Amino acid sequence: SLFEYDEYLDDIYEINTSKKNRQGKPMSALYTRSSHHLRRGSKYKNAKYYGCFQGSKLVAYIMGVHLNELLVFNQFLGHKEHLKCGIMNKLIAFVVEKNIDNSTIKYINYLTMNPNDKHGTCAFKRHAGFKNYSCFFKISSHHGMPPNTL
């Protein structure tokens, strides 16, 4: 479901630090600082946070940045103890279902995909239905969106 990021800082910190390495690299310090350093307030005006909960506990989340017709998965993390339960696939399905009837969202992007990655994050992205495309955008202050709003 949709949730307010700053109301789940302890759960987010626990998710972020549940694995020392992700995508074959150590987690960035941006993710592993104490939970009070994670506070965002209204810093990201175009962001929505989608979460997978076990009871009232957040166990996975996506930061989705809405840019006109495009929804970009900017952060997508799950607690390591729950990954084998399919929480990441469930969360993608929820985000798609939540936005499929939204006439403004036509595309969902999950950042880059390395075609040589056969076992890591890109393999998961392909399994979840994402495909590798090249997209070029011209960002301007037209269309009611001022520059630097992220």
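For the structure, check the block above.
Residues numbered from 1 in each chain as written. Predicted model: local features only at pLDDT ≥ 70, side-chain atom pairs only at ≥ 80, totals over all residues. Heavy atoms only, no water.

Trainee: Give me the lowdown on unusual backbone geometry, citing residues and values where you can.
Mentor: Phi is positive for Asn-68, which is not a glycine, with a value near 55°. Structurally, the position occupied by Asn-68 is in the loop between β5 (57-67) and β6 (70-78). (Helix = DSSP H or I, 4+ residues; strand = E, 2+ residues; numbered from the N terminus.)

Trainee: Requested: an account of the environment of Val-95, with residues and values cited.
Mentor: Along the chain, the position of Val-95 falls in helix α3 (residues 87-100). When sequence neighbours within four positions are dropped, the list of residues in contact with Val-95 reads Tyr-50, Ile-62, Leu-71 and Phe-73. (Contact = heavy atoms within 4.5 Å.)

Trainee: Break down the sheet that holds strand β1 (residues 2-3) for me, with residues and values.
Mentor: The five strands lie next to each other as β1-β4-β5-β6-β7, forming an open sheet whose pairing is mixed. The sheet is open, and its two borders are formed by β1 and β7 (107-109), each paired with just one other strand. Here β6 pairs with β7 via three bridges, running parallel. Paired with Leu-71 across the bridge in β7 is Ile-108. Packed on one face of the sheet, helix α1 (residues 9-16) meets β1, β5 and β6 and runs near 95° to β5. Contacts from α3 reach β1, β4 (47-54), β5, β6 and β7, with the element oriented near 155° to β6. (Pairing = 2+ DSSP bridges. Axes fitted to C-alpha atoms, helices over the stretch in contact; angles between N-to-C directions.)

Trainee: Which residues make up the side chain of Arg-22, and what values do they have?
Mentor: Mapped onto the fold, Arg-22 is located in strand β2 (residues 21-22). Despite being buried, Arg-22 has no salt bridge partner; Glu-81 is the closest side chain of opposite charge, sitting 9.9 Å away. A distance of 3.2 Å separates polar atoms of two side chains, one belonging to Arg-22 and the other to Ser-18. Discounting residues that sit within four places of it in the chain, Arg-22 has contacts with Ile-15, Asn-16, Met-27, Leu-77 and Gly-78. (Buried < 20%, exposed > 50% of the residue type's maximum accessible area, 1.4 Å probe, protein only. Lys, Arg positive; Asp, Glu negative; His and termini not counted. Salt bridge = Lys/Arg side-chain N within 4 Å of Asp/Glu carboxyl O. Polar contact = N/O pair within 3.5 Å; in protein donor to acceptor, adjacent residues only side chain to side chain.)

Trainee: Provide a residue-level description of the pattern of salt bridges, including the pertinent values.
Mentor: Tallying each qualifying case throughout the model produces three salt bridges. One salt bridge in this structure joins Asp-11 and Lys-57, with 3.0 Å as the shortest N-O distance. Of this pair, Asp-11 sits in helix α1 while Lys-57 sits in strand β5, and the two are 46 residues apart along the sequence. For Asp-11, a relative accessible area of 13% translates into the label buried. The partly exposed category is assigned to Lys-57, whose relative accessible area is 32%. Lys-57 is paired through a salt bridge with Glu-14; the nearest N and O atoms lie 2.9 Å apart. On the criterion of sequence distance, the pair formed by Lys-57 in strand β5 and Glu-14 in helix α1 is long-range, its members being 43 residues apart.

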